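Analysis of the macromolecular model
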Amino acid sequence: MKKNMLILTGIGILIIISLIIISIILTTTAKPKAKNADSTTSTSEIQLNSKQYINQLEKIKIKGTNDTIMITKKVKWEVPEHEEGELVSFAIAIPYTITVDGKEYDGTYHLGSFENKKTSNNPKYNFEVTNLTKDGDIEVLITKK
């Protein structure tokens, strides 16, 4: 009887040790979870004709050039307060600066507006905001004019 108890105790200890080792392995190799569904990765250099997330308030180099783009004010997607069931239409002004050949061109992109969105007089690029999240993640598209 004592022999059976020792065997069962030994098996129990092995099972507990195995479970601890497995849980340690799983927690150290697991990928970190995104903070939410809108979580994104920003780039420090943007490629033309490619939608990419950039950091706001930071100069981002346009790949293959000496030009840069910068969102000059921290913005995020915020729906204005309204009554339940009420239809709301609004636009978010996103100020930016594009530096082309050493000269700065200021502009404002009006996200959610049906009006003409071109407000920058830079000679080289079209600028478009393609996504803006409630956390302030911003996706842009820059194309040549």
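Heads up: these notes are all about the structure in this document. (Residues numbered from 1 in each chain as written. Predicted model: local features only at pLDDT ≥ 70, side-chain atom pairs only at ≥ 80, totals over all residues. Heavy atoms only, no water.)

**Things to note about the overall build of the protein**
The following threshold applies: Only DSSP runs of H or I reaching four residues or more are called helices, and only runs of E reaching two or more are called strands; each is numbered from the N terminus. Buried, partly exposed and exposed residues are distinguished by accessible area as a fraction of the type maximum, computed with a 1.4 Å probe on protein chains only: under 20%, between the cut-offs, and over 50%, respectively. By the convention used here, residues are in contact when the closest approach between their heavy atoms is within 4.5 Å.
The helix and strand inventory of the protein stands at one helix and eight strands. Listing every helix and strand of the protein by position from the N terminus yields α-β-β-β-β-β-β-β-β. Per-residue burial for the protein yields a buried fraction of 28% across its 145 residues. A sequence separation of at least 24 residues applies to 39% of the contacts in the protein between residues at least 6 apart.

**Focus: the sheet that holds strand β8 (residues 138-144)**
What counts, and what does not: What makes two strands pair is DSSP finding at least two bridges between them. All axes are obtained by fitting lines to C-alpha atoms, using only the stretch in contact for helices, and the reported angles, taken between N-to-C directions, cover 0 to 180 degrees.
Strand order in the open sheet formed by three strands is β2-β8-β7, with antiparallel pairing between adjacent strands. With partners counted over all chains shown, the strands left at the sheet margins are β2 (52-54) and β7 (125-132), one partner each. Averaged over all pairs of adjacent strands, the angle between their axes in this sheet comes to 40 degrees, without regard to strand direction.

**Details of unusual backbone geometry**
Even without glycine at this site, Leu-57 takes up a positive phi of about 65 degrees. As for its position among the elements, Leu-57 is in the loop between β2 and β3 (60-62). Of note, the phi angle at Asp-101 is positive, near 50 degrees, even though the residue is not glycine. Here Asp-101 is to be found in the loop between β5 (92-100) and β6 (103-111). A residue is classified by how much of its surface remains accessible, and Asp-101, at 64% relative accessible area, is exposed.

**Examining the nonpolar core**
What counts is decided by this rule: Here, the term nonpolar core denotes a set of buried Ala, Val, Leu, Ile, Met, Phe, Trp, Tyr and Cys residues that are joined through side-chain atoms within 4.5 Å.
With 23 residues, the main nonpolar core has Ile-46, Ile-69, Ile-94, Phe-127, Val-129, Ile-138 and Ile-142 as its most contacted residues. Those elements giving two or more residues to this core turn out to be β3, β4 (68-71), β5, β6, β7 and β8. For this core, the element with the highest residue contribution is β5, accounting for five residues. Ignoring sequence-local partners within four residues, the contact set of Val-129 consists of Ile-94, Tyr-109, Leu-111, Ile-138, Glu-139 and Val-140.

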